[in-house]
Amino acid sequence: MDMNTKSLSMIMAAMVFCVSCDNNTCLRMRKYLEGIKVIDTHEHQRQPGEFHFYRHLSYFHADVQTAGAPANIDSMIKITPHVDSLWRVYGEYINDGRATSYYDEWIRGFQLCYGLDKPYLSREDVSHLSLQMEEKYKNYPAWFNECFSRFNFQIMFLDPYWNQFNVAIDTVHFALVFRIDSAITGVVNAATTREITTPSLLNLLNKKEAIDVSSLDRYLEVMDTVLKIFVRHRVVCLKNALAYHRSISFSDVDNSTAEKIYASGIISETAKKQLEDFMFHWFIKKSIQYHLPVQIHTGYLAGLNGKLDDSHPMQLLPLIRQYPEACFVLFHGGYPWTGDFIVLGKEFPNVMLDMVWLCQLSRTAAIRTLHEILDAVPYNKICWGGDVTYIEQAVGSLSLAREVVATVLAERIEKGWLTEEVARDIGRKIFRENAIRIYRLEEKYGIKK
Ligand SMILES: [Zn+2]
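Only a predicted model underlies this, so the values are computations on that prediction, with no experimental measurement involved.

### Section: the coordination of the zinc ion
Phase 1 of the analysis: Protein coordination of the zinc ion is provided by His42 (NE2), His44 (NE2) and Asp387 (OD), with donor distances spanning 2.1 Å.
Phase 2 of the analysis: Counting gaps between the donor residues of the zinc ion yields the pattern H-x1-H-x342-D. Here histidine 42, found in strand 1 (residues 38–43), pairs with aspartate 387, found in the loop between strand 10 (382–383) and helix 18 (391–415); they are 345 residues apart in sequence, far enough to count as distant.
Phase 3 of the analysis: Take histidine 42: its relative accessible area is 2%, and that puts it in the buried class.

### Description of the pattern of salt bridges
Phase 1 of the analysis: Under the defined criterion, the tally for this structure stands at 32 salt bridges.
Phase 2 of the analysis: Between lysine 239 and aspartate 159 there is a salt bridge whose closest N-O contact spans 3.0 Å. You can see lysine 239 sitting in strand 6 (residues 237–240) and its partner aspartate 159 sitting in the loop between strand 2 (153–158) and strand 3 (174–179), a full 80 residues away along the chain.
Phase 3 of the analysis: For lysine 239, a relative accessible area of 2% puts it in the buried group.
Phase 4 of the analysis: In this structure, aspartate 277 and lysine 273 form a salt bridge, with 2.7 Å as the shortest nitrogen-oxygen distance.

### With respect to the sheet that holds strand 3
Phase 1 of the analysis: On the basis of which strands lie adjacent, the open sheet formed by 8 strands has the order 1-2-3-6-7-8-9-10 and parallel pairing. On the outer flanks of this sheet lie strand 1 and strand 10, each paired with one strand and no other.
Phase 2 of the analysis: Where strand 6 and strand 7 (residues 294–296) come together, 3 bridges link them in parallel fashion. In the sheet register, asparagine 240 faces strand 7, and the bridge partner there is isoleucine 296.

### What about the domain arrangement of the protein?
Often, the extent of an interface is quoted as the loss of accessible area upon association of its parts.
Phase 1 of the analysis: Examined at the domain level, the protein breaks down into domain 1 (3–20 + 51–148) and domain 2 (152–445).
Phase 2 of the analysis: Computed from C-alpha atoms alone, the centre-to-centre distance between domain 1 and domain 2 is 29 Å.
Phase 3 of the analysis: In this assembly, 28 residues from domain 1 lie in contact with 28 residues from domain 2.
Phase 4 of the analysis: Joining domain 1 to domain 2, the criterion identifies 2 salt bridges.
Phase 5 of the analysis: The partner of aspartate 104 in a salt bridge is arginine 363, with the nearest N and O atoms 2.8 Å apart.
Phase 6 of the analysis: Here the side of domain 1 that touches domain 2 takes 9 residues from helix 6 (residues 101–114), the largest share from any one element.

What counts as what
- Residues numbered from 1 in each chain as written.
- Predicted model: local features only at pLDDT ≥ 70, side-chain atom pairs only at ≥ 80, totals over all residues.
- Heavy atoms only, no water.
- Donors = N, O, S within 2.8 Å, 3.2 Å for Na, K, Ca; no water.
- Helix = DSSP H or I, 4+ residues; strand = E, 2+ residues; numbered from the N terminus.
- Buried < 20%, exposed > 50% of the residue type's maximum accessible area, 1.4 Å probe, protein only.
- Salt bridge = Lys/Arg side-chain N within 4 Å of Asp/Glu carboxyl O.
- Pairing = 2+ DSSP bridges.
- Domains from an automatic or database assignment.
- Contact = heavy atoms within 4.5 Å.

Here it is in structure tokens:
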């Protein structure tokens, strides 16, 4: 088979198992959505290290773990690197997770990218897939580019949480995001040591030696310089995922209180939160000055860390009220607090709703949430992102999201709640046009609606 016939037959084989739309309206809507060049508002795509299939469980890893499998896959790989032997450890738990949405994202990536023609994986499939993937990962950039084009991505917003002060990214595939978590939490270390020694930050600022930050003002000057560098590199937004470390309730700490804490150099737990709160408010004011939307993690956290009570979207209410000129993009449907997430979008012109990761957390919650959003909120405020690490997962999460959106739109068309023309408009807005407008992508990246 030549390359084109081969890819076509792989897509056809995969389609047999990806088709879950159960009627013509849904199939027609999904086909339409597949033709939209996607602006993916949130990814953590990175270069892979040494390939091993079991390092590619994606979010499904958490389901396997919560089902009862050993938590640390890397140490299991060290003990038993062979995929067949690892199936003996993980296979039962993988099978117990076959109904989850994480599994759905995971398997779709294999069906679509590698032509897997089955709904579930067996031990033999894993061995076979492992060989196929290993081959592709010998030239991952080429494989990434092939899938990126084939599944109709236009650009992905890159949140490089592992290297937050890096601006040198591949701008053919990615748009720059400034993940501000380290800049916010870094103020505590700066107040204690009076200097900045973070290598990536020194590198960004072209400094060989530690930077003096003897006062809070000095720290803010440095952060402003950093922000200006990001702006020069066409940053599209700021991203706050501090919910992984602390509560997303950010109180308004005034300058003189923050200065006093910083000057004292003795940082209690309460003072630490106050300094971080001050910094986040400072970044919001800057986001208004530089016209940068602020993406904020709300709801459930990845990775089974037991923190389920710090990220309720309603904790952002005072902040949203205080800065009507800022643009807040709330993430993940606020899952499981989807109603609170939606009502913030309904109430406030400065709140956008991003469905990112919600389809993988629960397809059913995503379908219900999108229905409720469309009932309650104008559809110029909805975006989508994948939120994954490697290209197969991005393809899987996009396929799942198209399925969710097509299902919702078809159900509404059939109820007579939408015409097909408006349904198509909603699809274009969710997967492309809203992001172009909200993040000024025409001005920054020349991307037109
Ligand atoms: Zn993320």
